[in-house]
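Breakdown of the fold
Each chain, letter by letter, is given below.
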2 protein chains.
Amino acid sequence: MSKAPFTTVINLLRAEALVQERFAGELGSVHGLALNEALLLMHLEKAPLRRLTRVDLAKRLHASPSTVTRMAMPMEKTGLVARQSDPRDARLAYVALTEAGLTLVGEVRKTLERRSAELFRDRWSDAEVGSLGKLLGRITAGELGDLV
Amino acid sequence: MSKAPFTTVINLLRAEALVQERFAGELGSVHGLALNEALLLMHLEKAPLRRLTRVDLAKRLHASPSTVTRMAMPMEKTGLVARQSDPRDARLAYVALTEAGLTLVGEVRKTLERRSAELFRDRWSDAEVGSLGKLLGRITAGELGDLV
DNA sequence: CATAAAAGATTGCGAACGCAAGTAATATGC
DNA sequence: GCATATTACTTGCGTTCGCAATCTTTTATG
């Protein structure tokens, strides 16, 4: 019985923690966003009408619907998202990306792309980065909401 | 300018979230531990005298010292860890693994190994799992506290 | 040797989160 | 057609966490 899967999972947890603390700082000071808020905006950007219901967002963010409700509240106040209702189903409350949100998410994406490149700048070949990304993608294969 | 690094980072975040929600449930119901608590015990297990100061634990867990203080409190009550002081430096308050903690962490490790194997059981070759683990390990290369 | 600086640990405070319960609207079954 | 179940969302409550301030102890500096 090999321990390779266990090692891989442990390394995954550690790598994610490192990335999170590397990215959170600049994301907050430059754009005033938490990492989860940035992901929320990026999911909206990729959604068909640039809007998603709270449960759909929750699934994509691996969060609870209540968390999404509370995350959307301040972002609605600052005008990044807007609340939309569905005329055919009054239960639905879409979180919709506004123009301001669309502008911001573009800048956020640039920041994240630059930071991501820095993460692999030393001692990583393009092939290695690509291979890692591909393997990681297979773990979440089948999930909806591709952010890239 | 390629977007491969960005894609890799996004996939890393998503994969970690998936793993966390896959593992947390069983870890809590079977062993009564959160994932972070399990990692804390495993770090102690690998430490020289099976004990670490709170700041050392904080670095290994990517958490703040105050978080470690608060995490250790209930685990001390349940007898998994014990508080030890250093006769040569009265500032230090070690978190030391007890016999009960040592026993538990062994079972926890078995659970995590089994779950990890399940994660890659379908559609993954041994070589792929090994390659993924190796690449992830390079992200956190240089950090102390190997858990495997 | 005295004073300053640094390090480890703890606590108050506020922010973020999940769960469970509750409300409102739609879907399903007889 | 009406009762029941399901779905979407929200809110109360408790838990967890980081930051900043504080205290104690050790180390550095003059």
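A brief structural summary. Since this is a predicted model, take the numbers as computed values, not measurements. (Residues numbered from 1 in each chain as written. Chains lettered and ligands numbered in written order. Predicted model: local features only at pLDDT ≥ 70, side-chain atom pairs only at ≥ 80, totals over all residues. Heavy atoms only, no water.)

**Things to note about the protein's contact with DNA strand C**
Applicable threshold: Consider each residue's heavy atoms; a residue with any of them within 4 Å of a molecule or strand counts as near. Contacts described as polar in this section are N or O atom pairs within 3.5 Å, which, within protein, must combine one atom able to donate a hydrogen with one able to accept it, while residues neighboring in sequence count only if both atoms come from side chains. Secondary structure is summarised from DSSP: a helix means a run of H or I of at least four residues, a strand means a run of E of at least two, and numbering begins at the N terminus for each. Residue type decides the class: Asp, Glu, Lys and Arg count as charged, Ala, Val, Leu, Ile, Met, Phe, Trp, Tyr, Cys and Pro as nonpolar, and the leftover types, Gly among them, as polar.
The environment of DNA strand C is made up of 23 residues, and the closest members are S64(A), T67(A), R54(B), T69(B) and R83(B). Within 4 Å of the protein, the atoms of DNA strand C are drawn from sugar and phosphate moieties in a proportion of 67%. Residue A93(B) places a main-chain N or O atom 2.8 Å away from a phosphate oxygen belonging to DNA strand C. Of all the elements in the fold, those that place two or more residues in the surface near DNA strand C are α4 (65-77) and β3 (89-97) of chain A together with α3 (54-61) and α4 (65-77) of chain B. In terms of residue class, the surface near DNA strand C is made up of seven nonpolar, eight polar and eight charged.

**A look at the protein's contact with DNA strand D**
The full set close to DNA strand D counts 23 residues, and R54(A), T69(A), R83(A), S64(B) and T67(B) are the nearest of them. Each atom of DNA strand D within 4 Å of the protein belongs either to a base or to sugar and phosphate, the latter forming 67%. Take R83(A): an N or O atom from its side chain is 2.2 Å from a phosphate oxygen of DNA strand D. The side chain of R91(B) places a nitrogen or oxygen atom 3.5 Å from a sugar or linking oxygen of DNA strand D. Looking at the surface near DNA strand D, the elements with two or more residues in it are α3 (54-61), α4 and β3 of chain A together with α4 of chain B. In terms of residue class, the surface near DNA strand D is built from seven nonpolar, eight polar and eight charged.

**Examining the sheet that holds strand β3 (residues 93-97) of chain B**
All names here are of chain B. This is how it is decided: Two strands are said to pair when DSSP picks up at least two bridges between them. Contacts are assigned to residue pairs that have any heavy atoms within 4.5 Å of one another. Here, axes are lines fitted to C-alpha atoms. For helices the fit covers the stretch in contact, and angles between N-to-C directions go from 0 to 180 degrees.
An order of β1-β3-β2 is seen for the three strands of this open sheet, with the pairing classed as antiparallel. The sheet terminates laterally at β1 (51-52) and β2 (81-85), the two strands that pair on one side only. Sheet analysis places β2 next to β3, joined by five bridges and oriented antiparallel. Along β3, the bridge assignment pairs A82 with A96. Strand contacts of helix α2 (residues 35-46): β1, β2 and β3, with the helix running at about 90° to β3, the strand carrying the most contacts. On top of the sheet, α4 reaches β2 and β3; it is set at about 115° to β2, its chief contact.

**So, the interface of chain B and chain A**
Applicable threshold: In this description, buried area is defined as the sum, over both parts, of the accessible area (probe of 1.4 Å) that is lost when the two are combined. We define a salt bridge as a contact between a side-chain nitrogen of Lys or Arg and a carboxyl oxygen of Asp or Glu at a distance within 4 Å.
The partner chain A presents 51 residues to the 51 residues of chain B that form the contact. Here chain B meets chain A over a buried area of about 5100 Å², counting both sides, of which 71% is carbon and sulfur. Counting the surface chain B buries against chain A, the share from its top three residues, F6(B), R14(B) and R138(B), is 15%. On inspection of chain B and its partner chain A, the count reaches four salt bridges. Of the charged contacts in the structure, one is a salt bridge between R138(B) and E128(A), with a shortest N-O distance of 3.0 Å.

**Thoughts on helix α1 (residues 4-31) of chain A**
All names here are of chain A. Cut-off, in case you're wondering: Multiplying one less than the number of residues by 1.5 Å gives the expected span of a helix. What is called the bend at a residue is the angle between a pair of axes, fitted to the seven residues leading up to and ending at it and to the seven starting from it.
For α1, which comprises 28 residues, the first-to-last C-alpha distance of 39 Å matches the rise-based estimate of 40 Å (1.5 Å per residue) to within 8%. The sharpest bend along α1 measures roughly 25° and falls at F23. Of the residues flanking the end of α1, it is G32, one or two places downstream, whose phi is positive at about 70°.

Fair warning: the whole summary comes from geometry, so function is off the table for now.
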